[in-house]
Amino acid sequence: MTKFKKLFALSMGVVMASSVALTGCGEKKDAAGDKGEAVNLVWYTIGAPQKDTKKVTDELNKYLKDKINATVEMKQIDFGDYTKKMQVIINSGEEYDIAFACSWANDYLLNSRKGAFIPIDDLLDKYGKETKETVDKRFWEGAKVNGKIYGVPTNKEIGVMPEWVFTKEYVDKYNIPYKDIHSLQDLEPWLQKIKENEPDVTPLYITKDYSIITQFDKLMDPIGVKLNDKDLKVVNVFDTPEMKKDLETMRSYYEKGYINKDAATAQADKTVKRFIAKADGQPFAETLWSKDLGYEVVSSKIIDPYVSNGSTTGSLQCISATSKHPEKAMEFLNLLNTDPYVRNMVNFGLEGTHYEKISDNKIKLTDDSKNYQVPYFSLGNLFITYLLESDPDNKWEEFKKCNEEAKASPALGFNFDPTNVTTEIAAVKNILDEFGPSLYSGSVPVDEYVNKMNEKLKAAGIDKIITEMQKQIDEWKTSK
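Here the residue index of a chain counts from 1 through its sequence in written order. pLDDT decides what is reported in this predicted model: residues at 70 or higher carry local features, side-chain atom pairs at 80 or more are listed and counted, and totals for whole chains, interfaces and linings draw on all residues regardless. Each side-chain value is derived from all of the structure's non-hydrogen atoms; neither hydrogens nor water enter the calculation.

## Brief notes about the packing of helix α11 (residues 241-255) against helix α18 (residues 446-460)
Inclusion rule: For helices, the fitted line uses only the C-alpha atoms of the stretch in contact; every axis is such a line through C-alpha atoms, and the angle between N-to-C directions lies from 0 to 180 degrees. Only runs of H or I of at least four residues qualify as helices and only runs of E of at least two qualify as strands under DSSP, and these elements are numbered from the N terminus. Note on angle classes: values under 35 degrees are labelled roughly parallel, values over 145 roughly antiparallel, values of 65 to 115 roughly perpendicular, and the remainder oblique. When checking whether two residues touch, look at their non-hydrogen atoms; a contact exists if any pair is within 4.5 Å.
Two elements in contact, α11 and α18, have axes separated by 10 Å at closest approach and are oriented at 130°. Taken together, the axes of α11 and α18 lie oblique to each other. Only Val-446, Asp-447 and Val-450 of α18 make contact with α11, whose side of the interface consists of Lys-244, Leu-247, Glu-248 and Arg-251.

In structure tokens, the structure reads:
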């Protein structure tokens, strides 16, 4: 959902060795049932600071003190600042207890590897058994770093679900069979129709963050393995016929005027009238998108949902290596993922203030909800949260069904260790930043610019990265 919100412009040092951190865990005496002064847990979360956060946590802490003799202090940092500020906090050695991390902010893998977070396997077994049983096992598999788990994943949609999002007004007007439209090439006749009949509408609206969906699990852009390749051959996706075909299609669409001319540099703008855009989906996503955009949209999948390391590490809560209370932190995380009272208060705020219940599991947000608006996906198990009044009664059942049907990438569970190629990776990233937006948007001739880019990638050491990744993935494959 975060990537979608970014698409439409609506919302997106000091290191302690893990062995030392674990030794410290064994010496701490703050487990459940201990008497004495309540432990205060400092919890960094992603999302803009809210006016009523303290009001909510004051009420929450009455419950937590009774349940686990602990309180929490939520420190919220807005999306755009979160990674940078968390790295300052981590590198300074500041004492805190829990922080949000993921594959796209406050890098989960990087921080786990460098010892910023502690492995929690033993803590889970002792203080988080219910959470371990509740969260889909594939999330735990994806959260492993060198065989250890460093964060509690949010139980939510588990797969990557790229979708085309169509403005329903034009679907209805031209009787467009959107459910049959999947590949990039399938869009052609309908983009043409909109271009010919709706001159003030952008047929295919994209921004500089757009990337082409391929049948590859990108383990490190632009390097990955094909989703149906059990041999796990590592390739540069820009060297594949699949990518070349899609890039040429994008070039054709751009030259025909189907794509906005500023696509390579455009920031997301929801005021732009568009027929189609691309988004990361989930069950019933159309309802949320329509609400956020202010007009009705419908969608169709681009490829079947698949589970990758990136999708399983899209939202986690991690215990800091500087925490003096890792056991209490795990007790709190266990409640956050299994206790509906805790989870819903953190999610929606206070009943009677921020929402009203209209049934046992459905709520209506009040006007005061504007004083406590947090990113639901980032805070713990979604499947025990209330439904909003506009949500279908079977929402969470459909999420679970979708999760069951999502197929695992053959590389699920493999996490690349970049230690030996950090210089090359930095150089490759800079080259992608230089060429990617222009190529993905169709703004430049394909062969000329792919050749230029690949020459630079080779000079920067992409082959060394591929060789290192292939070596590691082969070793991982044989150890499974």
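## Considering the sheet that holds strand β6 (residues 152-153)
In a beta sheet, neighbouring strands are held together by backbone hydrogen bonds and run either parallel or antiparallel to one another. To be explicit about the condition: Here, strands pair whenever DSSP counts at least two bridges between them.
Pairing is mixed across the open sheet formed by 5 strands, whose spatial order is β2-β1-β3-β15-β6. Because the sheet does not close on itself, it has two edges, and the strands there are β2 (70-77) and β6. Across 4 bridges, the pairing between strand β3 (residues 98-101) and strand β15 (residues 316-319) is antiparallel. Its bridge partner being in β15, Ile-98 is matched across the sheet by Ile-319. Of the strands in this sheet, β1 (39-46), β2, β3, β6 and β15 are in contact with helix α14 (residues 326-338), which crosses β1 at around 55°.

## Overview of the state of the cysteines
For the record, the criterion: Cysteine sulfur atoms that pair up within 2.5 Å are treated as a disulfide.
Applying the stated criterion across every chain, the model contains 0 disulfides. Note on Cys-102: no disulfide assigned, nearest cysteine sulfur contributed by Cys-318 at a separation of 9.3 Å.

## Some points on the environment of Lys-471
The line we're drawing: Burial status follows relative accessibility: with a 1.4 Å probe on protein chains alone, a residue under 20% of its type maximum counts as buried, one over 50% as exposed, and anything between as partly exposed.
Structurally, the position occupied by Lys-471 is in helix α19 (residues 462-479). Given a relative accessible area of 48%, Lys-471 falls into the partly exposed group. Sequence separation of Lys-471 and Ala-427 is 44 residues, and the distance between their C-alpha atoms is 21 Å.

## A short note on the nonpolar core
It is characteristic of soluble globular proteins that their nonpolar side chains tend to be buried jointly. Here is the rule we go by: The definition of a nonpolar core used throughout is a set of buried Ala, Val, Leu, Ile, Met, Phe, Trp, Tyr and Cys residues joined through side-chain atoms within 4.5 Å.
Formed by 65 residues in total, the largest nonpolar core has its most connected members in Trp-164, Phe-166, Leu-187, Leu-204, Phe-238, Leu-247 and Phe-275. Membership of the second largest hydrophobic core comes to 64 residues, among which are Ala-70, Ala-329, Leu-333 and Leu-379.

## Here we look at the UniProt feature "domain: DUF3502" (unreviewed entry) in the protein
To keep it simple, the criterion reads: UniProt positions are given in the numbering used here, feature names are shortened, and annotations may be inferred rather than shown by experiment.
Taken from the UniProt record, the annotation "domain: DUF3502" (unreviewed entry) applies to residues 410-477. The straight-line gap between the two end C-alpha atoms of residues 410-477 is 10 Å; of that span, 74% is helix and 0% is strand.

## Some words on the pattern of salt bridges
Rules: Salt bridge, as applied in this entry: a Lys or Arg side-chain nitrogen positioned within 4 Å of an Asp or Glu carboxyl oxygen.
Applying the stated criterion to the full structure yields 26 salt bridges. Between Asp-136 and Arg-138 there is a salt bridge whose closest N-O contact spans 3.1 Å. You can call Asp-136 buried: its relative accessible area is 19%. By relative accessible area, Arg-138 is classed as buried at 18%. When the shortest N-O distance is used, the salt bridge between Lys-144 and Glu-141 registers 3.6 Å. Take Glu-141: its relative accessible area is 32%, and that puts it in the partly exposed class.

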